Amino acid sequence: MTVIAGIDVGNATTEVVLVAGGKILGAGRVPTRGRKGSPGSLRGAAALVRRLERQLGLTVGEARIAPLRAVDTAVVTVPDTAGPTGRLRVLAAGVPTPGGTGVCVGPPFRLGDAAPGDAALGDAAPRDVEVVAIVPAGLRYDAAAARVRALLAAGTRIGAVLVAGDEGVLVANRLAGGLPVIDQVDADAAAACRLLAVEVRPPGHTLRVLADPVALGARLGLDSLDDAEAGDTAALSRMLADQANAVVGLLPEAPGVPETPAEPWVLAAGEGRLTLRAACPRLADWPVGAIQAYGTGAVASEVDDLFAVDLAAAAEAATARPGSTGRAVLVASLSRAGDEDAASVLGDLLGVPVYGPVSEPAAARLGALTTPGGRDDAVVVDLGAGTIDVIGSGRSVVAAGAGQLLTAAVAEMLRIPRASADWVKRGPCIRVDGGQRFEGEDGRRGFLDVPAPASAAGMLAVEGPGGWLPFDRHHGPGEWRAIRLRLKQAVLAANFRRAVRTLGQDPPQVLVVGGPAGDEELLGVLARSLPDGVAVGRGDVGGTCPGGPLGHRYAVALGLALAAP
């Protein structure tokens, strides 16, 4: 009986299934070498076939691979740009090590303007108003605290202290009265301001004065009837919502408009050229392929499809605390290159006949429908690293943006490496309370089987390849759950919906296969984007075949091996 090897060379993973007489004999996968369809990727596929032959003690007599059309996918991060705020500037917000509590609005006073013990120390600062003392870089915390105490003893009214370094707590601990102290502030920028507004709130509380544009404008002496300044104050206060500490500076006059980098743009069918941020909220409503080009300034590149996610909009929808997440726009694009003659190359490498009986979408559908309970009229969703393939009973749609885009979004939002984000995105986390104690996203508390590292105390963590992987200490477990699910809604569910609309078929059942299909939250995310009554299930490929099942992977490879010659 001839042993048939079904070979699926994907953008990220190469998978092989061996079948004889309709029975699954074995399967394996490896990372794709180089670009899909390249000689390196085909050599990697042939090596995987040989490895399975050795492991199973078999000899492959025939191989099958779908006609390959190379697909280039890319994820690009577009940084956020702050809007204009006139004469107002945010000099610091949400620093992790503030000291004291309170509010002060007053002119800046650099402690370096007089030497300790100098008679001019008290005379150099104004006596009639509260001032904000600025500790310049290079001035030790103990010397800075001594100068502040000397100024206070001389009658200078100091209402807050700003520190250029990261020693704010050390300075605050050496001052009486609980003066608000904020560190990691640009001392030169603060000294150039006419007035400074400083506020530090107790732990767990948010700004009251600086997040209130009416109160902030009044304390800074701004004209409430000036629509421009009122608008600048409102925009700045909105940026500071949910922060616990901040420093706002009022410049003597509004600076000139800085030169900003060219805004990325897209060319949409029927819409013309739009800035990326203007197009971003509309992409989910446009069909796959609506974006024809993407560029920055005069540099452009043609694309077959493009999808993007605005992290600021996703965080706002999840009511995440401003400043606790990234605000970039992430773009995934799809460009198809020419067809690759994979069958003849593989034939030379393996020394057996190699055929291409069906296309990749048809093979994915055939393999997915070996899931127990799968319907013949089901819509198959093949999730990969770079694309979402939605396959109906006669037509398929390939959309840009899938697992790789979600990984990039999580990495950018949490400011962690993408290798870590690939594990963090997959499902629920815990917060390590210290030692073996933990708190889950549902509030449940318990004890870990194996103690987490001491450095993980107070951090969120997920199970990684080598044990617990700590990744964040700025969010609570429930808060990160809300953000994570909203990201999956914005990346996977929104992209899935537009692909289904482009397909033009109402799915009675949806079967999800591919690597990202293993995400335990995915089915619920996709189900909430579909009408009631539509069943969404995870593929159990090969479940109706002898020797199976293979799980949610290997749909294309099994479909090729089972396809009629």
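Residues numbered from 1 in each chain as written. Predicted model: local features only at pLDDT ≥ 70, side-chain atom pairs only at ≥ 80, totals over all residues. Heavy atoms only, no water.

1. Notes on the overall build of the protein chain
At step 1: Summing up its helical and strand segments, the protein chain has 16 helices and 30 strands in all.
At step 2: Projected onto its principal axes, the C-alpha coordinates of the protein chain cover approximately 100 × 60 × 45 Å.
At step 3: A fraction of 68% describes how many contacts in the protein chain between residues 6 or more apart in sequence connect residues 24 or more apart.
At step 4: A gap of 4 Å separates the mean positions of the 53 positive and 60 negative side-chain charges of the protein chain. (Helix = DSSP H or I, 4+ residues; strand = E, 2+ residues; numbered from the N terminus. Contact = heavy atoms within 4.5 Å. Lys, Arg positive; Asp, Glu negative; His and termini not counted. Charge placed at Lys NZ, Arg CZ, Asp CG, Glu CD.)

2. Some words on the sheet that holds strand S14 (residues 264-268)
At step 1: Read from one edge to the other, the open sheet built from four strands follows the order S15-S14-S16-S17, with strand pairing classed as antiparallel. Strands with a single pairing partner mark the edges of an open sheet, and in this sheet they are strand S15 (272-275) and strand S17 (299-302). The sheet shows a mean angle of 25 degrees between the axes of neighbouring strands, taken without regard to direction.
At step 2: As paired strands, S14 and S15 are joined by four bridges and run antiparallel to one another. (Pairing = 2+ DSSP bridges. Axes fitted to C-alpha atoms, helices over the stretch in contact; angles between N-to-C directions.)

3. Observations regarding the nonpolar core
At step 1: Core analysis: the largest hydrophobic core is formed by 75 residues, its most contacted members being Val-390, Phe-471, Trp-480 and Val-512.
At step 2: If you tally residues by element for this core, the top one is helix H14 (residues 477-503), at 13 residues.
At step 3: Not counting residues within four places of it along the chain, the set of residues in contact with Val-512 comprises Val-381, Leu-383, Ala-517, Leu-522, Leu-523, Leu-526, Val-536, Gly-537, Arg-538 and Gly-539.
At step 4: Within the second largest apolar cluster, 22 residues are counted, among which are Ala-20, Ala-63, Ile-65 and Leu-346. (Core = buried A, V, L, I, M, F, W, Y, C linked by side-chain atoms within 4.5 Å. Buried < 20%, exposed > 50% of the residue type's maximum accessible area, 1.4 Å probe, protein only.)

4. A few points about the pattern of salt bridges
At step 1: Throughout the structure, instances matching the rule amount to 20 salt bridges.
At step 2: Its salt-bridge partner being Arg-282, residue Glu-271 comes within 3.0 Å of it at the nearest N-O pair. Of this pair, Glu-271 sits in the loop between S14 and S15 while Arg-282 sits in the loop between helix H8 (276-279) and strand S16 (291-296), placing them eleven residues apart in sequence.
At step 3: A relative accessible area of 36% places Glu-271 in the partly exposed class.
At step 4: Among the ionic pairs, Glu-441 bridges to Arg-484, the shortest N-O distance being 2.8 Å. A residue pair is termed long-range when its members are at least 10 positions apart, and Glu-441 in the loop between strand S25 (437-440) and strand S26 (445-447) and Arg-484 in helix H14 qualify at 43 residues.
At step 5: Overall, the relative accessible area of 1% leaves Arg-484 in the buried class.
At step 6: When salt bridges that share partners are traced, they join Glu-441, Arg-484, Lys-488, Asp-519 and Glu-521 into one network. (Salt bridge = Lys/Arg side-chain N within 4 Å of Asp/Glu carboxyl O.)

5. Focus on the packing of aromatic side chains
At step 1: All told, the structure shown has one aromatic pair when counted by the stated rule.
At step 2: Between the NZ or CZ atom of Arg-426 and the centre of the ring of Trp-423, over which it lies, the distance is 4.1 Å. (Phe/Tyr/Trp six-rings, centres within 6.5 Å; stacked < 30°, edge-to-face > 60°. Lys NZ or Arg CZ within 6 Å of the ring centre and 35° of its normal.)

6. Regarding the packing of helix H12 (residues 403-414) against H14
At step 1: Where H12 meets H14, the axes come as close as 10 Å, and the angle between the chain directions of the two elements is 145 degrees. When the axes of H12 and H14 are compared, the crossing they make is right-handed. Across from Leu-405, Leu-406, Ala-409, Val-410, Met-413 and Leu-414 in H12, the residues of H14 making contact are Trp-480, Ile-483, Leu-487, Lys-488, Val-491 and Leu-492.
At step 2: Its residues placed into classes, the contact of H12 with H14 shows eleven nonpolar, no polar and one charged. (Left-handed = near helix turned anticlockwise from the far one by under 90°. Nonpolar A, V, L, I, M, F, W, Y, C, P; charged D, E, K, R; others polar.)

7. Examining the state of the cysteines
At step 1: Tallied over the entire structure, the rule returns zero disulfides.
At step 2: Here Cys-104 stays unpaired: no disulfide links it, and the sulfur of Cys-193, its closest cysteine neighbor, is 13 Å away.
At step 3: Cys-104 gets classed as buried once you look at its relative accessible area, which sits at 0%. (Disulfide = S-S within 2.5 Å.)

8. Considering the confidence of the model for the protein chain
At step 1: This prediction gives the protein chain a mean pLDDT of 89; 93% of its residues lie at or above 70.
At step 2: Note on residues 114-123: pLDDT is under 50 here. Beyond four places in sequence and across chains, it has 14 contacts. (pLDDT = per-residue confidence, 0-100.)

9. A word on helix H3 (residues 141-153)
At step 1: If you check H3, its first and last C-alpha atoms are 18 Å apart, about what 13 residues at 1.5 Å a residue would give, namely 18 Å.
At step 2: Along H3, the residues classified as buried are Tyr-141, Ala-144, Ala-145, Arg-147, Val-148 and Leu-151. Along the axis of H3, the buried positions cluster into a sector of 160 degrees, meaning they face one direction only.
At step 3: One or two residues past the end of H3 sits Gly-155, with phi positive at roughly 100 degrees. (Expected span 1.5 Å × (residues − 1). Arc of directions from axis to C-beta.)

10. Description of the packing of helix H11 (residues 360-368) against helix H16 (residues 555-562)
At step 1: Orientation of H11 relative to H16, taken along the N-to-C sense of each, is 90 degrees, at an axis distance of 7 Å. Taken together, the axes of H11 and H16 lie roughly perpendicular to each other. Contacts between H11 and H16 pair Glu-360, Ala-363, Ala-364, Leu-366, Gly-367 and Ala-368 from the former with Ala-555, Val-556, Gly-559, Leu-560 and Leu-562 from the latter.
At step 2: In terms of residue class, the contact of H11 with H16 is made up of eight nonpolar, two polar and one charged. (Parallel < 35°, antiparallel > 145°, perpendicular 65-115°, else oblique.)

11. A closer look at the pairing of strand S21 (residues 379-383)
At step 1: With respect to burial, S21 is a largely interior element, five of its five residues being buried.
At step 2: Residues Val-379, Val-381 and Leu-383 line one face of S21 and the alternating positions Val-380 and Asp-382 line the opposite face, and both faces are buried.
At step 3: Alignment of S21 against strand S22 (residues 387-391), held across four bridges, turns out to be antiparallel. Bridge pairing in S22 links Val-381 to Val-390.

12. With respect to unusual backbone geometry
A negative phi angle characterises most non-glycine residues, just as the trans form characterises most peptide bonds.
At step 1: At the junction of Gly-548 and Pro-549, the peptide bond is cis and its omega measures out at 0 degrees in the coordinates.
At step 2: By secondary structure assignment, the location of Pro-549 is in the loop between strand S30 (535-538) and H16.
At step 3: The backbone of Gln-184 sits at a positive phi, close to 60 degrees, despite the residue not being glycine.
At step 4: Tracing the backbone shows Gln-184 in the loop between strand S11 (181-182) and helix H5 (187-191).

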